[in-house]
Amino acid sequence: MDLMVVGGGGREHAIIKKLKENPEVETIYALPGNGGIAADAVCVPEIGATDIGAIVDFAKSHAVGFAVVAPDDPLAMGCVDRLHEAGIPCFGPSAAAARIESSKVFAKDLMRRHGIPTARYEVFDDPAKALAYLRDASFPIVVKADGLALGKGVLIPQDFQEAEEAVKSIMEDRVFGASGKKIVVEEFLTGPEVSVLAFTDGTAIRPMVSSMDHKRAGDGDTGPNTGGMGTIAPNPCYTPAIAQVCMDTIFLPTLAAMRAEGCPFKGCLYFGLMLTPDGPKVIEYNCRFGDPETQVVLPLLETDLLTIMRAVEDERLDELDIRWSSGAAACVILASGGYPLHYEKGKPISFPAALPEGVTLYHAGDALTADGTLVTSGGRVLGVTATAADLASALTAAYAAADTIHFDGASMRRDIGRRALALMEG
Ligand code: AMP
Ligand code: GLY
């Protein structure tokens, strides 16, 4: 069977590598894919991830047997709805269900209506009213643009003056574009963060191994927010007892809420959780696999991914027993110098002749030149993932491999997993 994966980053590479383990899979088309993905899939660089019409035409003309839509934008634009109309089985939520990520106001109101634990909040579409509210608020406080903003639409002002600047930049200067028409102002929560990705067919849910992202650009969680500089799995904060609380108070109620709202969620639902002193609360939902969480979660999956995705599509996930490795995984992101701000592209990348056992490279932002050289083409260039029996060994292996890959200006955080290791040592 031929498959199609929409997207072209490290997450899509991890999905493609996992799908390829199924012997039934023949060709995988990646739309658009990237330079490194071309080693594992047939890339179609002329079709971008948001060219919905071209994606549907491609799936029909290439007799694609199953499609996976990975990024948030095409999901919010209804790519899965359009593929279904064309009779193509696929994995991913409808546009109506994808609002759980594409509108923070929708997500917050859903949680309020259905009693799902989250930070207290107010919504504003008028900057003057937002400022009147903020004048009497306690700080720090959290200001979020309503719409999609590449994971960067969250500001945490420490005082009223910073709050004024946040409101002005989001609502008036529109630094996150139209996603700043409305804002959510919410209570600042504290506690360790956990990412839980889950397969769901709308009713049944199978959480994946938990993970921890490292969003800030610099060591010690300093510097600007990025798309994610590294991940580890499993997350040591996420104990079986906490997992049970999350299942009962967050996961199952969220699925029931989406069904009650007439938009059952099918696909991968990502719960961004904070383990607060008052129990686990939802920081955000994503309607898709996380990036770079996928690069540590899928390598630990032992059950065939295509079988799971088809069970989600056919709404028979409850029939499946999904197995995970008992080991750990770590992913270190090699980024272009200057990311997430200004950075240069087109730097040739040099790789070692062979990678050690247990290490996998997920290509996120690179391109092939006419003479077949891989050069950088994005902010996050490569994810270096290692799996091992325990987290410490996985981290050592991931960093050892990352140190053998070179390009001009390459940067990486040196402390991925350090906090998790400290927690495990108690
Ligand atoms: P989000 O894009 O909603 O995941 O937010 C990005 C980051 O901002 C999160 O990973 C948190 O570290 C932080 N954040 C978001 N909401 C809150 C909150 N209510 N309290 C404290 N930190 C938050
Ligand atoms: N790593 C966070 C995200 O995928 O949104």
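Refer to the structure printed above.
**Considering the site of ligand 2**
Link 1 in the chain: Around ligand 2 sit Asp-213, Gly-227, Tyr-270, Asn-286, Arg-288, Gly-290, Asp-291, Pro-292 and Glu-293, and those are all the residues in its vicinity.
Link 2 in the chain: Asn-286 is positioned with one of its side-chain polar atoms (N or O) 3.2 Å from an oxygen atom of ligand 2.
Link 3 in the chain: Measuring from a nitrogen atom of ligand 2, one finds a side-chain N or O atom of Glu-293 at 2.8 Å.
Link 4 in the chain: The protein chains hide 90% of the 200 Å² of surface that ligand 2 would expose on its own.
Link 5 in the chain: Looking at side-chain class alone, the shell around ligand 2 contains 2 nonpolar, 3 polar and 4 charged residues.

**Quick look at empty space enclosed by the protein**
With a probe scaled to a water molecule rolled over the atoms, the places where space remains empty come into view.
Link 1 in the chain: This model, assessed by the stated rule, comprises 1 cavity of 30 Å³ or more.
Link 2 in the chain: There is about 30 Å³ of room inside the largest cavity.
Link 3 in the chain: Lining the largest cavity are Val-68, Val-69, Ala-70, Leu-75, Phe-91, Gly-92, Pro-93, Cys-268, Cys-287, Arg-288 and Phe-289.
Link 4 in the chain: Its residues assigned to classes, the lining of the largest cavity shows 9 nonpolar, 1 polar and 1 charged.

**Quick word on the environment of Pro-356**
Link 1 in the chain: Mapped onto the elements of the fold, Pro-356 is located in the loop between β18 (328–335) and β19 (359–363).
Link 2 in the chain: Relative accessible area serves as the criterion here: at 48%, Pro-356 is assigned to the partly exposed category.
Link 3 in the chain: As for Pro-356 and Ala-400, which are separated by 44 residues in sequence, their C-alpha atoms are 9.3 Å apart.

**Here's the deal with the packing of aromatic side chains**
Link 1 in the chain: Taken as a whole, this structure holds 8 aromatic pairs when the rule is applied.
Link 2 in the chain: With a centroid separation of 4.3 Å and an interplanar angle of 35°, the aromatic rings of Phe-251 and Phe-271 are classed as tilted. Of the two residues, Phe-251 is situated in helix α9 (residues 240–260) and Phe-271 in strand β16 (residues 267–276); the sequence distance between them amounts to 20 residues.
Link 3 in the chain: A relative accessible area of 0% places Phe-251 in the buried class.
Link 4 in the chain: Residue Phe-271 is classed as buried on the basis of its relative accessible area of 0%.
Link 5 in the chain: Ring geometry for Phe-271 and Tyr-285: centres 5.8 Å apart, planes at 65°, overall edge-to-face. With Phe-271 in strand β16 and Tyr-285 in strand β17 (residues 279–286), this pair connects stretches of sequence that are 14 residues apart.
Link 6 in the chain: Counting every residue linked through ring pairs, the aromatic cluster contains Phe-91, Phe-199 and Phe-289.

**What about the layout of surface pockets?**
Link 1 in the chain: By volume, the second largest pocket is sized at about 230 Å³.
Link 2 in the chain: Of all the secondary-structure elements, those providing two or more residues to the lining of the second largest pocket are α1 (10–19) and β19.
Link 3 in the chain: Of the residues forming the lining of the second largest pocket, the biggest block, 3 residues, is contributed by α1.
Link 4 in the chain: Residues that form the lining of the second largest pocket fall into these classes: 4 nonpolar, 3 polar and 3 charged.

**What about the nonpolar core?**
Link 1 in the chain: With 51 residues, the main nonpolar core has Met-4, Leu-83, Ile-100, Phe-251, Phe-271, Leu-273 and Tyr-285 as its most contacted residues.
Link 2 in the chain: Among the elements that take part in this core, α9 stands out by supplying 7 residues, more than any other.
Link 3 in the chain: Apart from the residues within four sequence positions on either side, Phe-271 is in contact with Val-194, Ser-195, Val-196, Ala-198, Ile-205, Ile-250, Phe-251, Thr-254, Glu-284 and Tyr-285.
Link 4 in the chain: Of all hydrophobic cores here, the second largest spans 40 residues; its members include Phe-91, Leu-305, Leu-306 and Leu-317.

**A word on the packing of helix α5 (residues 95–102) against helix α6 (residues 104–114)**
Relative placement of two packed helices is described by the angle separating their axes and the distance separating the axes.
Link 1 in the chain: Relative to each other, α5 and α6 sit at 90°, their axes nearing to 6 Å. Between α5 and α6, the angle is such that the two are roughly perpendicular. Packed against α5, whose contacting residues are Arg-99, Ile-100, Glu-101 and Ser-102, the element α6 presents Lys-104, Phe-106, Ala-107 and Leu-110 at the interface.
Link 2 in the chain: Here the contact of α5 with α6 is composed, by residue class, of 4 nonpolar, 1 polar and 3 charged.

**A short note on the sheet that holds β18**
Link 1 in the chain: Taken together, the 5 strands give an open sheet; going across it, the order is β12-β15-β18-β22-β19, and neighbouring strands pair in antiparallel fashion. Two strands close off the open sheet at either side, each with one partner strand: β12 (212–213) and β19.
Link 2 in the chain: Pairing between β12 and strand β15 (residues 230–233): 2 bridges, direction antiparallel. Counted as the bridge partner of Met-212 is Ile-232 from β15.
Link 3 in the chain: Across the sheet, helix α12 (residues 391–402) touches β15, β18, β19 and β22 (380–388), and the angle it forms with β18 is around 25°.

**A short note on the sheet that holds strand β11 (residues 205–207)**
Link 1 in the chain: Here 4 strands make up an open sheet; going across it, the order is β11-β10-β16-β17 and the pairing antiparallel. If you trace the sheet from one side to the other, it starts and ends with β11 and β17, each paired once. Averaged over neighbouring strand pairs, the angle between their axes works out to 35° when direction is ignored.

**What to know about the environment of Glu-172**
Link 1 in the chain: Relative to the elements of secondary structure, Glu-172 occurs in helix α8 (residues 160–172).
Link 2 in the chain: For the pair Glu-172 and Pro-299, spaced 127 residues apart in sequence, the C-alpha separation works out to 43 Å.
Link 3 in the chain: In contact with Glu-172, not counting residues within four places along its chain, are Pro-127 and Val-167.

**Considerations on α8**
Residues three or four positions apart in an α-helix share a direction because the helix packs 3.6 residues into each turn.
Link 1 in the chain: An ideal rise of 1.5 Å per residue puts 18 Å on 13 residues; α8 measures up with 17 Å between its terminal C-alpha atoms.
Link 2 in the chain: Buried within α8 we find Ala-163, Ala-166, Val-167, Ser-169, Ile-170 and Met-171.
Link 3 in the chain: Along its buried surface, α8 packs onto β6 (121–124), α7 (127–135), β7 (141–145), β8 (154–155) and β9 (183–187).
Link 4 in the chain: By the N-cap criterion, in which a side-chain oxygen at the helix start approaches the backbone nitrogen of a residue two or three places on, α8 is capped by Asp-159, the distance to Gln-161 being 3.2 Å.

What counts and what doesn't
- Residues numbered from 1 in each chain as written.
- Chains lettered and ligands numbered in written order.
- Predicted model: local features only at pLDDT ≥ 70, side-chain atom pairs only at ≥ 80, totals over all residues.
- Heavy atoms only, no water.
- Near = heavy atom within 4 Å.
- Polar contact = N/O pair within 3.5 Å; in protein donor to acceptor, adjacent residues only side chain to side chain.
- Areas by Shrake-Rupley, 256 points an atom, 1.4 Å probe, with all protein chains shown as cover.
- Nonpolar A, V, L, I, M, F, W, Y, C, P; charged D, E, K, R; others polar.
- 1 Å grid on protein atoms, 1.4 Å probe; cavity = no way out; pocket = protein on both sides within 12 Å on 5 of 7 lines; lining within 4 Å.
- Points joined across faces, edges and corners; volume = space filled by probe spheres on them.
- Helix = DSSP H or I, 4+ residues; strand = E, 2+ residues; numbered from the N terminus.
- Buried < 20%, exposed > 50% of the residue type's maximum accessible area, 1.4 Å probe, protein only.
- Phe/Tyr/Trp six-rings, centres within 6.5 Å; stacked < 30°, edge-to-face > 60°.
- Core = buried A, V, L, I, M, F, W, Y, C linked by side-chain atoms within 4.5 Å.
- Contact = heavy atoms within 4.5 Å.
- Axes fitted to C-alpha atoms, helices over the stretch in contact; angles between N-to-C directions.
- Parallel < 35°, antiparallel > 145°, perpendicular 65-115°, else oblique.
- Pairing = 2+ DSSP bridges.
- Expected span 1.5 Å × (residues − 1).

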